[in-house]
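Here is what each chain is made of, one letter per residue.
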Amino acid sequence: MQKLHYPQIDERTIKTYQTEGAVLLKGIFTPWIETLVTGVTELMADPSEYGHARTVIPKDGSAPFFQDYCNWSRIPSFRQFVLHSAAAEIAAALMASETAKFFHDHTLVKQPGGSTVTPWHHDQPYYCVEGRQNVSFWIPLDPVTEEISLRCIRGSHLWEDEYSPTRFNGSKLYEHSRFKDLPDIGANQSEYDIVSWALEPGDAVAFHFRTLHGAKGNSTARSRRVFSARWVGDDAVFSDRGGTTSPPFPELRLKEGEPLVSPLFPQVWPRVI
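All values derive from a computational prediction rather than experimental measurement.

Engineer: For this particular structure, what's the right way to read the nonpolar core?
Structural biologist: Where a protein is soluble and globular, its nonpolar side chains tend to be buried together. In this structure, L94, F137, I139 and W231 are the most contacted members of the largest nonpolar core, which totals 41 residues. By residue number, the principal contributor to this core is helix α5 (residues 87–95), which donates eight residues. With near-sequence residues (within four places) excluded, L94 lies in contact with I9, T13, I14, Y17, Q18, L25, V135, F137 and A206. In terms of nonpolar packing, the next biggest core, distinct from the first, is built from 17 residues, Y174, A236, L252 and L260 among them.

This is the structure:
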């Protein structure tokens, strides 16, 4: 693997990611925050069809939780970040992968006073991909207090169980029952090694697709805008979940177990000059 040029990503950081499934990267994307803020502003002014469908309107009348994904190819600022930032190189190092392919972007904006809780879950069962080499970068565009920050269960990416993906209304994403029901983590938090951090714009939390995570509502007077960038490595293969995944990628025509090779998922590292 080529040598990293980013001192924040040292061997200790890589080991922490591999063993704990979540690690804080301080100031790693600071040069890109203005670019990402521009992109999120553009996206919220013109959401995709997914944004209209996935935004959560709380029944208590509090502020909406805006979500949208798979916009990197149509929002120029997102495309710039994906193709030209250090994200792909850093992802490859954390994943211990020779390559890094971009899987998808996800924008999450919890408006001030919004009550929507992000329930405990892990991401991989939602996705059309399997493989141990993967990483999500959770990049806040506003200062985030620890109280409303991303919360991760250390080491949960190494658990053998996979838990049923559910929508915000509580319904299951797939009709079949190959996945287990998630334990009641909220009622038994002392039994789990939960970690979270106060973050500044430019920081990022890197976490594994199988790491259990969640977040509280935004009880503060400031927006919590987050851009999430998700990457896969050498061992990524297509997984047929037996239902519509999230994101859905309806145009994908791969078979179970085939390498995740598609223009939808560009290889960004190593860079092609």
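From this point, the discussion proceeds with the structure in view.
Engineer: What am I meant to see in unusual backbone geometry here?
Structural biologist: The bulk of non-glycine residues show a negative phi, and the bulk of peptide bonds are trans. Note the cis peptide between S246 and P247, where omega equals 0 degrees. Cis peptide bonds are those with omega within 30 degrees of zero, and the linkage from W269 to P270 qualifies with -5 degrees. For P270, the position within the fold is in the segment after β13 (267–269). If you check the backbone angles, C70 has positive phi at about 60 degrees while not being a glycine. For C70, the position within the fold is in the loop between β2 (65–69) and α4 (76–84). For C70, a relative accessible area of 22% gives the class partly exposed. In this model, F249 sits at a positive phi of 45 degrees, which is unusual for a non-glycine residue. Relative to the elements of secondary structure, F249 occurs in the loop between β12 (237–238) and β13.

Engineer: What is the right way to read the packing of aromatic side chains from this model?
Structural biologist: In this description, an aromatic ring pair is defined by two values, namely the gap between the centres and the angle between the planes. Scanning the model with the defined rule gives 16 aromatic pairs in all. Centre to centre, the rings of F29 and F137 are 5.5 Å apart; their planes meet at 70 degrees, and the pair counts as edge-to-face. Here F29, found in the loop between β1 (22–25) and α2 (33–45), pairs with F137, found in strand β6 (residues 134–140); they are 108 residues apart in sequence, far enough to count as distant. The residues F29 and F137 share a single accessibility class, namely buried. Each member of the aromatic cluster is reached from another via a ring pair, and the members are F29, W32, F78, F81, F137 and F227. The ring of F65 carries the charged tip of K110 above its face, separated from the ring centre by 5.0 Å.

Engineer: Would you take a moment to explain the side chain of D105 for this structure?
Structural biologist: Summarising the element assignment, D105 is placed in strand β3 (residues 100–110). Of the polar contacts made by the side chain of D105, one reaches the backbone nitrogen of N71; its length is 3.0 Å. For D105, the contacting residues outside a window of four places in its chain are D68, Y69, C70, N71, W72, F78, F227 and S228.

Engineer: How should the sheet that holds strand β10 (residues 213–215) be read in this particular structure?
Structural biologist: Hydrogen bonds between backbone groups are what pair the strands of a sheet, and the pairing can be parallel or antiparallel. If you walk across this open sheet you meet the four strands as β4-β10-β7-β8, and the pairing is antiparallel. With partners counted over all chains shown, the strands left at the sheet margins are β4 (118–121) and β8 (194–196), one partner each. Put simply, the sheet's adjacent strands are angled 25 degrees from each other on average, direction ignored.

Engineer: What should I look at first to understand the pairing of β3 in this one?
Structural biologist: Remember that side chains alternate between the two faces of the sheet whenever the strand is regular. Among the 11 residues of β3, 11 are classified as buried, and the element is accordingly described as predominantly covered. Note that β2 and β3 share five bridges and pair antiparallel. Bridge pairing in β3 places F65 opposite K110. Two elements, β3 and strand β11 (residues 224–232), share nine bridges in a ladder whose sense is antiparallel. Bridge pairing in β11 places D105 opposite A229.

Cut-off values and rules
Within each chain, residue numbers correspond to sequence positions counted from 1 in written order. Residues qualify for local features only when their pLDDT is at least 70, as the model is predicted, and side-chain atom pairs are given and counted only at 80 or more; totals for whole chains, interfaces and linings, by contrast, use all residues. Note that water and hydrogens are dropped before the side-chain values are worked out from all heavy atoms of the structure. By nonpolar core is meant a set of buried Ala, Val, Leu, Ile, Met, Phe, Trp, Tyr and Cys residues that side-chain atoms within 4.5 Å join together. With a 1.4 Å probe rolled over the protein chains alone, any residue whose accessible area is under 20% of its type maximum counts as buried; one over 50% counts as exposed, and the rest are partly exposed. In this text, helices come from DSSP runs of H or I with a minimum length of four residues, and strands from runs of E with a minimum of two, each type numbered from the N-terminal end. Should any heavy atoms of two residues lie within 4.5 Å, those residues are considered in contact. Two rings from Phe, Tyr or Trp (for Trp, the six-membered ring) form a pair when their centres sit within 6.5 Å of each other. Planes less than 30 degrees apart are called stacked, planes more than 60 degrees apart edge-to-face, and all others tilted. Lysine and arginine charges are scored as sitting over a ring when NZ or CZ, respectively, is within 6 Å of the ring centre and within 35 degrees of the ring normal. N or O atoms closer than or at 3.5 Å make up a polar contact, with two conditions inside protein: a donor-capable atom paired with an acceptor-capable one, and, for residues adjacent in sequence, both atoms drawn from side chains. If DSSP finds at least two bridges between two strands, the strands pair. The axes are straight lines fitted to the C-alpha atoms, using for helices just the contacting stretch, and the angles between their N-to-C directions are given from 0 to 180°.

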